[in-house]
Amino acid sequence: MVPACLTDYARLSEPRLRQFLEEKSRGFAALPVELRDVAAALRDYLLRGGKRLRGALVLLGHEAAGGQREAAIDASLGLELLHAYLLIHDDFMDQDDVRRGGPTLHRALGGDHLGASLALLCGSLCESWAYQLFGGASPLVARTVEQVILGQMADLRAPRGRELGEREILDVQRAKTGTYTFELPLHLGATLAGAGRPVLDALSAYARPLGMAFQIADDLLGTFGEPEQTGKPNASDLREGKRTLLVARALEKAAPADAARLRAGLGRPDADVEELRDILRRSGAESSARADAERLCDQALQALEAGALPQHVAQDLREIAVYTVRRAL
């Protein structure tokens, strides 16, 4: 069940997002070249929904430091736009067709070179808009985005390089999504409210293990989840040969014949995905990854018991942890 704090955030923020996009649409209309279709496709993409997780966490971080949530709405929308920028670019790099139950932006704009180019520019536009909304907190965001981009580079190159071990894969995933998903939004909101080190440390104690648990859960959903549940294909990671914790653990623990079949199938568009999934199960990689996600989620929940955060904020963070991780377990 979606936590009330996420649905409340969507209800609170969407009117402001619509207003912001209406203001920005004038930039498209002011040019002598017809761009209304591009503006409409981007607007549809941005209003399609999603969990709105990161924006909601900005408000919770702000409240954790004693701020009023209304004062952080623009910064929270900035993080949602930054997330859209990263998704648009990621969808193009992975050549995905579906996002949030609809077409990815490069597909919506035609799927050819021109459409993909326009989609990438829309993503960059979202990044520009995001920084306009961050105000004085922009340097904090920029440092994390630098790590996200480096992590994405490593993620793209990894299938063509040597086999990575579990720790190396976790390092790549931590750079790509770990800090950006939970710690950044919480710290952004808290910093805007003038948080001191005790509050920031308490938020980190929750966010860091949860970021790792979330990535493991996301890999499980991306491999075993139903497209109706995830809103995107569930075989693309295997067919692209992505190096995930699941894959690394299976290659280490599987019987030699299974490991050889897994290596041969990874990264092949025509791979027998069901066979690869069976290998992940037989090797114990699936069950051990689920156990790791549970353990890390428990660690995040235990961090909230220290009493350093307001009770209502801690309760919302508990519900978010359970929802974002255990929906995949």
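Please refer to the structure placed before this passage.
Everything numeric here is computed off the predicted structure, so don't read it as measured data.

The rules behind the values
- Residues numbered from 1 in each chain as written.
- Predicted model: local features only at pLDDT ≥ 70, side-chain atom pairs only at ≥ 80, totals over all residues.
- Heavy atoms only, no water.
- Helix = DSSP H or I, 4+ residues; strand = E, 2+ residues; numbered from the N terminus.
- Contact = heavy atoms within 4.5 Å.
- Phe/Tyr/Trp six-rings, centres within 6.5 Å; stacked < 30°, edge-to-face > 60°.
- Buried < 20%, exposed > 50% of the residue type's maximum accessible area, 1.4 Å probe, protein only.
- Axes fitted to C-alpha atoms, helices over the stretch in contact; angles between N-to-C directions.
- Parallel < 35°, antiparallel > 145°, perpendicular 65-115°, else oblique.
- Left-handed = near helix turned anticlockwise from the far one by under 90°.
- Nonpolar A, V, L, I, M, F, W, Y, C, P; charged D, E, K, R; others polar.
- Polar contact = N/O pair within 3.5 Å; in protein donor to acceptor, adjacent residues only side chain to side chain.
- Arc of directions from axis to C-beta.

### Observations regarding the side chain of Gln215
Assignment of secondary structure puts Gln215 in helix α9 (residues 197-224). Excluding residues within four positions of it along the chain, Gln215 makes contact with Gln173 and Thr177.

### Comments concerning the packing of aromatic side chains
This model, assessed by the stated rule, comprises three aromatic pairs. Taking the centre distance of 5.8 Å and the plane angle of 85 degrees together, the rings of Phe20 and Trp129 count as edge-to-face. Of this pair, Phe20 sits in helix α1 (residues 4-29) while Trp129 sits in helix α6 (residues 113-134), and the two are 109 residues apart along the sequence. With respect to class, Phe20 is no different from Trp129; both count as buried. Taking the centre distance of 5.5 Å and the plane angle of 80 degrees together, the rings of Phe182 and Phe214 count as edge-to-face. Taken together, the positions of Phe182 in helix α8 (residues 166-192) and Phe214 in helix α9 put the pair 32 residues apart, joining distant regions of the chain. Taking the relative accessible area as the measure of exposure, Phe182 reaches 0% and is therefore buried.

### Observations concerning the packing of helix α3 (residues 53-64) against α8
Running from N to C, α3 and α8 point in directions that differ by 40 degrees, and their axes come no closer than 6 Å. Put simply, α3 runs oblique to α8. Note on packing geometry: the crossing formed by α3 with α8 is right-handed. Seen from α3, the contacting residues are Leu53, Arg54, Leu57, Val58, Leu60, Gly61 and His62; seen from α8, they are Tyr180, Thr181, Phe182, Pro185, Leu186, Leu188, Gly189, Ala190 and Leu192. Here the residues of the contact of α3 with α8 are counted per class, giving 11 nonpolar, four polar and one charged.

### As for the side chain of Arg249
Residue placement: Arg249 occurs in helix α12 (residues 245-253). Separated by 2.9 Å, the side chains of Arg249 and Glu166 make a polar contact. Polar side-chain contacts of Arg249 include one of 3.0 Å to the side chain of Ser288. Beyond its immediate stretch of four places on either side in the chain, Arg249 contacts Glu166, Ala285, Ser288, Ala289 and Asp292.

### Section: helix α2 (residues 36-46)
Along α2, the positions that sit buried rather than exposed are Val38, Ala39, Ala41, Leu42, Tyr45 and Leu46. Angularly, the buried residues of α2 cover 165 degrees about the axis, an arc narrow enough to put them on a single face. What points out from α2, more than 90 degrees from its buried face, is the exposed set Arg36 and Asp37. Check the buried side of α2 and you find it contacts α1, α4 (73-94), β1 (98-99), β2 (102-103), α5 (105-108) and α6.

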